[in-house]
Amino acid sequence: MRPAIFSISVLALLPLPKPPSPRKPSSATVAMVAMAKSLDESDVGIYCYSSTLPGFKAIMKQRYSDFIVNEVDLDGSIVHITSFDLPPGCSEEEEENSTSLAHKSYIDEIELFRTLAGEANAELLKEFLQKAAATVNEELPPIVLAPDSDKSHRTEVHNFIKKNFKSLVTDTVDGEDANSKCVRIRFFSGKGVKGRRGKKRKDMEDSGRRNDIPFDGRGADNWSEEQGKFLRFHLYKENKETHEALGIIGKMLGIQQRSFGFAGTKDKRAITTQRVTVFKLHPKRLAALNCRLFGIKLGNFCYVKKGLLLGQLLGNRFTITLRDVVADSEDAIKAAAEGLKRSGFINYYGLQRFGSGSVPTHLIGATLLRGEWKTAVDLILDPRDGERSAIKEAREKYKQIGDVDLMLRQLPHHLVAERAILKCLKKCPGNYLQALLGIPRTLRLMYVHSYQSYLWNHAASMRVRKHGIAQVVLGDLVFCKSDNFKKVASFESIEPSYEGSDGEHTNSLPDISDAALPEEKVRLVKTINSEDLISGDYTFEDVVLPLPGSRTIYPNNDIAEIYLDISKEDGISLTESVHGVKEFSITSMTGDYRRVFQRPIDYNWELLTYVDNNESLAKTDLDFISGPKPTDLVTNTRCINTGSKWGKCNSEV
């Protein structure tokens, strides 16, 4: 039998490595080294721990089900998927709309369309309507009309479809010839977005971005004002990145991935549950996908007034299984686990923050901050160690011959950033900045956020290494004790307009990731002075460090030098921007503060023995929905620290 332990974090449980020198190679050097070896904790600034206990050895994430993450919302509620039911009152309304094509022949409309668009297009539409009446509409592939170089005529076609076919939606796509345009038509079963002019969307620097929006998200004009404009649902996923899961859902619905809003990305090699929002989409369309999705479930549907944006969460709750535990004794395991509860941990950004590939995301972030667009694209597209042979071969072929179409055919859809870049390069060869801006905003911002996290980790390690964890020191930053906040931005729910990049009619779900930031309250910080040291009002648990930005300040001691020294070695200025792209500039980012030290909340653990390495040792949300398993997976269970029947082994951070 093999022992296993549930806990919140391995940072305080693993043997203490020898701290490296604070001096480090430049990002360019690290990038070359990264191609030859996997990422190590010391590579991202993790080399101090809060506990001096010897700890034990164990395997983390041997199975993706060994790492369970549930989001904690701003109200402190843990996000679970508990129901697949639709909200009251939406089923009949949806059904009426989805079957509307089956109850009408549209003979007169087809004849009018024949006059407007010609014989071939009319017959194509007629055949499409017949199929729509005889099959599940949302599974119908779209139709593309004949190329039409007359923009005003295309607009007439758009308006005709909108007026006469309430369940059909249109947009404009490129034809076979790069200079030709075609009208695309598809069935849309959900009631959704009613566009409104006069609300200009933010950050539309990408003039071609709207061309990539595949379909129209417009719904009926009678969307109830009594319910929120956004549909919120809980996304349960297994062994998939957040962007990958939303990309799959978006493709099945015919909407862009960037139409979804969420508070934060969750680990790929894990089972996770989080909230997601989308603008005026009926839940029946999402619920219908559950029988077709693999490793993804959608539920807990409700309407809300505002969509989710990055950072709108309190934290996450973790259930972590450590397998093949090796220790000198059971007492050593108990001491280490209890030590975590008592001593807490250094609140590092873990390795998942820096990506799972051989090219860490903070290195890409550094190139973006320097304005090296081609280098950033190369880092994302170039061959990487550790990938499947087919993917690696596709990357190598592209590097050799530069065939975009070939690489797009060979790359799997979960490589969201790579595919987005290639699609833009296909339209605009050599425009590397435009290609980078084609990546969904929530994803491309993470490269810069990763570099901020990289600086923070190094600063946290140096703070602990130089000054310990026993007390605050002169010049430390702490959150103010009073409830003083400052507002850094305002937000209004943004409805999409009806104008495409070329001024032509197009209706689409809004790019939530490109919306303005919500009204956000940032806690004020103060610098520890001699009076604070004498009063003893602050402890090490109050100490924070900044994530660099235009609205953050640095400690008034030697820790501030770490930020400046490392960024200088990487050729990055924290006070000036070398280019005009705001979202790739630290000086244009607000910044934030993060506690250096953290104690787990509601922490408990248990020591188990098990026989089969392939068995899951913790229950997921789906397990709780389906009820108890027919057989007990765990034998000889010993609860060292009591919890529930399964020894609640999760904790909030």
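Residues numbered from 1 in each chain as written. Predicted model: local features only at pLDDT ≥ 70, side-chain atom pairs only at ≥ 80, totals over all residues. Heavy atoms only, no water.

Caption draft 1: Layout of helix 8 (residues 330-343). End to end, helix 8 covers 19 Å across 14 residues, agreeing with the expected 20 Å (1.5 Å per residue, within 8%). Looking only at helix 8, the buried set comprises A332, I333, A336, A337, G339 and L340. Around the axis of helix 8, the buried residues are gathered within 150° of arc, so they sit on the same side. Exposed residues pointing more than 90 degrees away from the buried face of helix 8 are listed as D331 and R342. Trailing helix 8 by a residue or two, G344 shows a phi angle of about 70°, which is positive. (Helix = DSSP H or I, 4+ residues; strand = E, 2+ residues; numbered from the N terminus. Expected span 1.5 Å × (residues − 1). Buried < 20%, exposed > 50% of the residue type's maximum accessible area, 1.4 Å probe, protein only. Arc of directions from axis to C-beta.)

Caption draft 2: Looking closely at the environment of F67. By secondary structure assignment, the location of F67 is in strand 3 (residues 67-72). Considering only alpha carbons, one finds F67 and I271, 204 residues apart in sequence, at a separation of 6.3 Å. Ignoring sequence-local partners within four residues, the contact set of F67 consists of M60, K61, D267, R269, A270, I271, F318, T319 and I320. (Contact = heavy atoms within 4.5 Å.)

Caption draft 3: Representation of the sheet that holds strand 4 (residues 143-144) within the structure. The sheet built from three strands is open, its strands ordered 4-6-5 with antiparallel pairing. A strand with exactly one partner marks an edge of an open sheet, and here the two such strands are strand 4 and strand 5 (168-174). In terms of strand pairing, strand 5 meets strand 6 (residues 181-187) through seven bridges, oriented antiparallel. Bridge pairing links V173 to C182 in strand 6. Contacts between helix 5 (residues 151-164) and the sheet are confined to strand 5 and strand 6, with strand 5 contributing the most and set at about 160° to the helix. (Pairing = 2+ DSSP bridges. Axes fitted to C-alpha atoms, helices over the stretch in contact; angles between N-to-C directions.)

Caption draft 4: Structural view of the nonpolar core. The biggest cluster of nonpolar side chains holds 70 residues, and the ones touching the most others in it are L368, I421, L436, I439, Y451 and W456. If one sorts the elements of this core by residue count, helix 15 (residues 441-467) sits on top with eleven residues. With near-sequence residues (within four places) excluded, W456 lies in contact with N347, Y348, Y349, L545, P546, L547, Y563, R594, R595 and V596. (Core = buried A, V, L, I, M, F, W, Y, C linked by side-chain atoms within 4.5 Å.)

Caption draft 5: View of the packing of aromatic side chains. Counted according to the given criterion, the structure contains ten aromatic pairs. Judged by centre distance (6.3 Å) and plane angle (55°), the ring pair of F160 and F165 falls under tilted. For the pair F160 and F165, a shared accessibility class is recorded, and that class is buried. Ring pairs connect the aromatic residues F113, F160 and F165, which therefore count as one cluster. Against the face of F67 rests K61, its NZ or CZ located 4.3 Å from the ring centre. (Phe/Tyr/Trp six-rings, centres within 6.5 Å; stacked < 30°, edge-to-face > 60°. Lys NZ or Arg CZ within 6 Å of the ring centre and 35° of its normal.)

Caption draft 6: Quick look at the pattern of salt bridges. This structure, assessed with the given rule, holds 25 salt bridges. D171 serves as the salt-bridge partner of R184, at 2.9 Å between the closest nitrogen and oxygen. Placement of the pair is R184 in strand 6 and D171 in strand 5, with a sequence separation of 13 residues. D558 is paired through a salt bridge with K466; the nearest N and O atoms lie 3.4 Å apart. Taken together, the residues D558 in the loop between strand 17 (543-547) and helix 17 (560-569) and K466 in helix 15 connect sequence positions 92 residues apart. When salt bridges that share partners are traced, they join E111, R114, E119 and E123 into one network. (Salt bridge = Lys/Arg side-chain N within 4 Å of Asp/Glu carboxyl O.)

Caption draft 7: Structural view of the environment of T273. Along the chain, T273 turns up in strand 9 (residues 271-279). Residue classification places T273 among the buried residues on the basis of a relative accessible area of 2%. Ignoring anything within four residues of it in the chain, the contact list for T273 reads V69, N70, E71, V79, H80, I81, H234, L235, Y236 and D621. One polar contact links T273 to D621, side chain to side chain, over a distance of 2.9 Å. (Polar contact = N/O pair within 3.5 Å; in protein donor to acceptor, adjacent residues only side chain to side chain.)

Caption draft 8: Region of interest: the pairing of strand 17. Of all five residues making up strand 17, five are buried, and the element is well covered by its neighbours. Bridge count for strand 17 against strand 18 (residues 592-595) is four bridges, and the pairing is antiparallel. When the bridges of strand 18 are listed, L545 appears paired with R594.

Caption draft 9: Structural view of the packing of helix 10 (residues 373-381) against helix 13 (residues 416-427). Orientation of helix 10 relative to helix 13, taken along the N-to-C sense of each, is 130°, at an axis distance of 9 Å. On the basis of their axis angle, the class for helix 10 and helix 13 is oblique. The crossing of helix 10 and helix 13 is left-handed. Only A417, E418, I421, L422 and L425 of helix 13 make contact with helix 10, whose side of the interface consists of V377, I380 and L381. For the contact of helix 10 with helix 13, a count of residues per class yields seven nonpolar, no polar and one charged. (Parallel < 35°, antiparallel > 145°, perpendicular 65-115°, else oblique. Left-handed = near helix turned anticlockwise from the far one by under 90°. Nonpolar A, V, L, I, M, F, W, Y, C, P; charged D, E, K, R; others polar.)

Caption draft 10: Unusual backbone geometry, seen in detail. Even without being a glycine, K280 presents a positive backbone phi close to 45°. Following the sequence through the fold, K280 ends up in the loop between strand 9 and helix 7 (283-287).

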